[in-house]
Amino acid sequence: MILVTDLKTEYKTNPLGLKPCQPRLSWMISDDRKNVAQAAYRILCASSGSDLRNEHDLIWDSGKVESKQSVQVVYGGEELTSGQRVYWKVKVWDNYSNESEWSETAFFEMGLFHSKDWKAQWIEPGIKEDPSDSAPSPFLRKEFSTDKNISKATAYITAHGLYELHMNGRKVSEDLFTPGWTSYNHRLQYQVYDVTRDIQAGANAVGVILGDGWYRGYLVWQGNKNLYGDKLALLCQIIVEYDDGSEEWIITDESWQSSTGPILKSDIYNGETYDARLEMENWDKAGFDASGWGSVVIKNYGFDKLVASEGVPVRITETLKPVKTLVTPKGEMVFDMGQNMVGWVRFRLKGAKGRKITLNHAEVLDQDGNVYLDNLRSARAEDIYIFKGNGIEEYEPRFTFHGFRYVRVSDYDGEISLDDIDGRVVHSDMAQTGTFECGDSLINRLQQNIDWGLRGNFLDVPTDCPQRDERLGWTGDAQVFAPTACFNRDTAAFYTKWMKDFIPDQKADGSVPWVVPNVIEDGAGTGWSDGFGATGWADAVVVIPWTVYRKFGDKRILEEQYASMKGWEEYMIRESGEDLIFNAGFHFGDWLSFAEYYSLFYNAPDYGYAGAHTDKDLIATAYFYYTTGLMQKIAGLLGKVDDEQRYTTLRPKIKDAFNTEFLTKTGRLTSNTQTAYALALAFGVIPDELKEHAAKRLVADVNHFGHLTTGFLGTPFLCQALTESGYPDIAYKLLFNKKYPSWLYPVTQGATTIWERWDGIKPNGSFQTVGMNSFNHYAYGAVGDWLYSYVAGITQDEETPGYKKIIIKPYPTKELGFAKAKLQSMYGVIRSEWKYESEKLLLEIEIPVNTMAEIHLPVSESEEIYSAGKPLNQKSEYPVIGYDGNRKLVQVGSGVYKFEIRRK
């Protein structure tokens, strides 16, 4: 039976506050039969959810549309208006002429389109503060009354700083760190909440707590503060709609009151100090005595920078219990969470009035077994709670987060058990979409580490690390990791939101900053650069939108980001000059590759590879070629004919320039390193006749060292280049390596996330330099894409985005035993499993409805492929349609398929 389920609008279920647009609608189709595809659909949209076919309420009936499209279908009804809610449902017909029932009804609601839609005023708390230090969090409140039946109530809210919205004694939402981090000088998000059930008949109260957050807290490693302003502010309006058709607006204005409370300090880097003696019971309820509260100050900040929230809310997604308690050699009590996590600790403890407890957070223990805090640099990562002395008190912070596995407890004289403490895991609440498992327990732990690293660093922006005084949106880290992230989690909305900040933060000349939002102008005092234009980092402006398009079939992100992408492409063209060698400006190169350090850049270490250093102009020119190829494709997709022709003409010229400058006639690159060959082979910049020679040199280098030597830019492409060049055994050799440097070396050292450096903890147990040594840094986890796409074999047709046409092409090895991966795509579950059983290779593949797949089955001349006990050939149920080297190609539609490869 054909069913339509999982209705989504702009990647979300029943979203509120969409930006002005024609929303895109997506659905899934389920059917147990094989080879089922959508042949047509019909969408109904209405202003009421009771009966979508009522002519009075109907705003769009698509009619029966002959189409296979079931994702990213653009709403085609009447023009939408501010705050408008639209209910919709869909039915489909399949390729066997079966008609589904109508789906369940979903809805979406638009945000505010115009400045005139805001009646609220910006208010600042009338509190005297010291702008040079963290100040107590302001509390703001207002009471109001309702005396009619409420049909709907909607809150629109944002802040300078972070906010937590309360109504009648409870938090309105589980969302954290709202309004999120954007380029505040250009874009400030607002959130929309349905608060119908939060308002009661009669007296009501609305309250808001503000926190420093990214707006005025400490940010960047120089101890900078107040990067966007030194005063917190609130903008909030609640529109109450009554059954009789009337409305009432509760807005921020001069009638609000302000005060401070128990949160004495709240800072992302340094933590939170909370004095429970200052708690104000029922402060967010009607009838509270606020006679001691002060006034607010009206400010004219305007509404032009306000934008609807497109991202994924940050939430508590999991609660961990500590696995053990330690007493360190220093005599300190430490709780081990068993997992390097991001978030904070919640506790339930007793304490005498005025006594305190201090929690310090660390990722690792040192060689002696004591808490290691040096790698946090200036970040204190410290939460302090002062007891009110009233029985068991429960506490967890609001406006800070820590990266930690270990929690040191001090200044507390009571008893604490494992049951008294929880670890609250916090990140952008992206659904898990991908899984991978194989016959090697260390590789399975590596996969877990990849996902934990993603979770820990995808906190509203994709940060480099979650623990030290940095936590910035580094573009290079995000660029190399994007394909891996898009497999493991539903990242489409997350990236859509983040990419918007590339546009205002990009220079007029097209150069892209190192971090987005950009808070390290002028290179942050490094003396290396102005903080813009580093190859592999700036290329994120093109690579990430392209990755979202490929993984989610999202053409709109290419349209919206095109001017920004083109800006970077044209910058590279200008800076490369007539010889087309991109050697202008500062480049990080193959950052943090296997290295011996030497003095460069004002006595700072060069994090390249001394002794086998990959020249930065080689890397930059290779990326220039790669990104130009993406721009050629993107321009073609968007109908930018002139640009497409320009980049089509330019690309072979860059290739010629690269090979003239960096490649000998025998296939040797001037930088004879793994990164040089991996990039050149993966990007296709080496001439066809020399690819095999270059690949052999890459293999020779791997065999010479016996391990990888790549850094941030080379690592994602190393195993791919080896596999596609015909050397999957060498790629597996690197994967299985347990010695430093390798992916599994940190796993053998007990790592539960990906490290920033191959030797964060050296083989002798000592640490890398304290100046830069994160134990939760996802860049090297980019190998995940190879695990999913090559080991398990789930990839997609180059010409068909969003997994509409799936390619299953695994690279099995007996040494691994088995591998299986599963991806929840926009169409449904894609699954690829293989395992060796005696001398047989068994494969099981699942393809979702409304897609097709091309399966590349590995088979030697002495083997035969069987399905349902019968040999596979041109007359089989799934006929062989072609050959790919030693593989037979089979084309299938939806369903579950099993194959057996055995000797003839």
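In this report, we go over the structure that sits alongside the text. (Residues numbered from 1 in each chain as written. Predicted model: local features only at pLDDT ≥ 70, side-chain atom pairs only at ≥ 80, totals over all residues. Heavy atoms only, no water.)

1. Quick notes on the sheet that holds strand β18 (residues 257-260)
Turning to step 1, where the next piece is worked out: Here 5 strands make up an open sheet; going across it, the order is β13-β12-β15-β10-β18 and the pairing antiparallel. Whereas interior strands pair on both sides, the edge strands pair on one side only; in this sheet they are β13 (170-171) and β18.
Turning to step 2, where the next piece is worked out: Bridge analysis of strand β10 (residues 138-146) against β18 gives 4 bridges, and the strand direction is antiparallel. Along β18, the bridge assignment pairs Leu140 with Ser258. (Pairing = 2+ DSSP bridges. Helix = DSSP H or I, 4+ residues; strand = E, 2+ residues; numbered from the N terminus.)

2. Side note on empty space enclosed by the protein
Turning to step 1, where the next piece is worked out: A complete count under the given rule lists 5 cavities of 30 Å³ or more for this structure.
Turning to step 2, where the next piece is worked out: Of the pockets and cavities examined, the largest cavity occupies roughly 190 Å³.
Turning to step 3, where the next piece is worked out: Together, 18 residues line the largest cavity, and Glu10, Lys19, Arg24, Glu310 and Thr496 are the ones closest to its centre.
Turning to step 4, where the next piece is worked out: Looking at the lining of the largest cavity element by element, the count peaks at 3 residues for helix α7 (residues 556-576). (1 Å grid on protein atoms, 1.4 Å probe; cavity = no way out; pocket = protein on both sides within 12 Å on 5 of 7 lines; lining within 4 Å. Points joined across faces, edges and corners; volume = space filled by probe spheres on them.)

3. A closer look at the pairing of strand β33 (residues 434-438)
Turning to step 1, where the next piece is worked out: The side-chain alternation of β33 yields one buried face, formed by Gly434, Phe436 and Cys438, and one unburied face, formed by Thr435 and Glu437.
Turning to step 2, where the next piece is worked out: Looking at chain direction, β33 and strand β40 (residues 818-824) are connected through 5 bridges and run antiparallel. Bridge pairing links Thr435 to Lys822 in β40. (Buried < 20%, exposed > 50% of the residue type's maximum accessible area, 1.4 Å probe, protein only.)

4. Observations regarding the nonpolar core
Side chains of a nonpolar character, in soluble globular proteins, are inclined to be buried together.
Turning to step 1, where the next piece is worked out: In this structure, Phe177, Ile357, Phe436, Tyr495, Trp786 and Phe899 are the most contacted members of the largest nonpolar core, which totals 225 residues.
Turning to step 2, where the next piece is worked out: Contacts of Tyr495, omitting those with residues within four sequence positions, involve Phe458, Ala478, Ala482, Ala485, Cys486, Ile544 and Val548.
Turning to step 3, where the next piece is worked out: Formed by 26 residues, the second largest nonpolar core is a distinct cluster that contains Ala155, Ile157, Tyr163 and Val208. (Core = buried A, V, L, I, M, F, W, Y, C linked by side-chain atoms within 4.5 Å. Contact = heavy atoms within 4.5 Å.)

5. Considering the packing of aromatic side chains
Turning to step 1, where the next piece is worked out: Per the stated rule, a full pass over the model turns up 67 aromatic pairs.
Turning to step 2, where the next piece is worked out: Aromatic pair Tyr215 and Tyr228: ring centres 6.1 Å apart, planes at 25°, arrangement stacked. Of this pair, Tyr215 sits in helix α1 (residues 213-216) while Tyr228 sits in the loop between α1 and β16 (233-242), and the two are 13 residues apart along the sequence. The same class applies to Tyr215 as to Tyr228, namely buried.
Turning to step 3, where the next piece is worked out: Their ring planes at 75° and their centres at 5.0 Å tell us that Phe683 and Phe717 sit as a pair that is edge-to-face. A residue pair is termed long-range when its members are at least 10 positions apart, and Phe683 in helix α10 (residues 674-683) and Phe717 in helix α12 (residues 715-724) qualify at 34 residues.
Turning to step 4, where the next piece is worked out: Phe717 sits in the buried class, given a relative accessible area of 11%.
Turning to step 5, where the next piece is worked out: Ring pairs connect the aromatic residues Tyr372, Phe594, Tyr740, Tyr745, Trp755, Phe767 and Phe775, which therefore count as one cluster.
Turning to step 6, where the next piece is worked out: The ring of Phe532 has Lys507 lying over it, and the distance from NZ or CZ to the ring centre is 4.7 Å.
Turning to step 7, where the next piece is worked out: A cation over an aromatic ring shows up here: Arg887 above the ring of Tyr811, its NZ or CZ 4.5 Å from the ring centre. (Phe/Tyr/Trp six-rings, centres within 6.5 Å; stacked < 30°, edge-to-face > 60°. Lys NZ or Arg CZ within 6 Å of the ring centre and 35° of its normal.)

6. Some remarks on the sheet that holds strand β46 (residues 880-884)
The strands that make up a sheet pair up through hydrogen bonds in the backbone, lying either parallel or antiparallel.
Turning to step 1, where the next piece is worked out: One open sheet accounts for 5 strands, arranged β38-β39-β43-β47-β46; its pairing is mixed. The open sheet has two edge strands, β38 (794-796) and β46, and neither has a second partner. If you compare each strand with its neighbour and ignore which way they point, the axes differ by 30° on average.
Turning to step 2, where the next piece is worked out: Bridge count for strand β43 (residues 852-858) against strand β47 (residues 887-892) is 6 bridges, and the pairing is antiparallel. Across the sheet, the residue bridging to His856 is Leu889, located in β47. (Axes fitted to C-alpha atoms, helices over the stretch in contact; angles between N-to-C directions.)

7. A word on the pattern of salt bridges
Turning to step 1, where the next piece is worked out: For the coordinates displayed, the defined rule picks out 59 salt bridges.
Turning to step 2, where the next piece is worked out: Ionic pairing is found between Arg348 and Asp422, a salt bridge with its closest N-O pair at 2.9 Å. Here Arg348, found in strand β25 (residues 333-349), pairs with Asp422, found in strand β32 (residues 421-428); they are 74 residues apart in sequence, far enough to count as distant.
Turning to step 3, where the next piece is worked out: Judged by its relative accessible area of 23%, Arg348 falls in the partly exposed class.
Turning to step 4, where the next piece is worked out: Take Asp422: its relative accessible area is 4%, and that puts it in the buried class.
Turning to step 5, where the next piece is worked out: With a closest N to O distance of 2.9 Å, Glu846 and Arg831 form a salt bridge. Highlighted residues: Glu846 in strand β42 (residues 840-847) and Arg831 in strand β41 (residues 829-837), separated in sequence by 15 residues.
Turning to step 6, where the next piece is worked out: Residue Glu846 is classed as partly exposed on the basis of its relative accessible area of 24%. (Salt bridge = Lys/Arg side-chain N within 4 Å of Asp/Glu carboxyl O.)

None of the figures reported here should be taken as evidence of function without further support.
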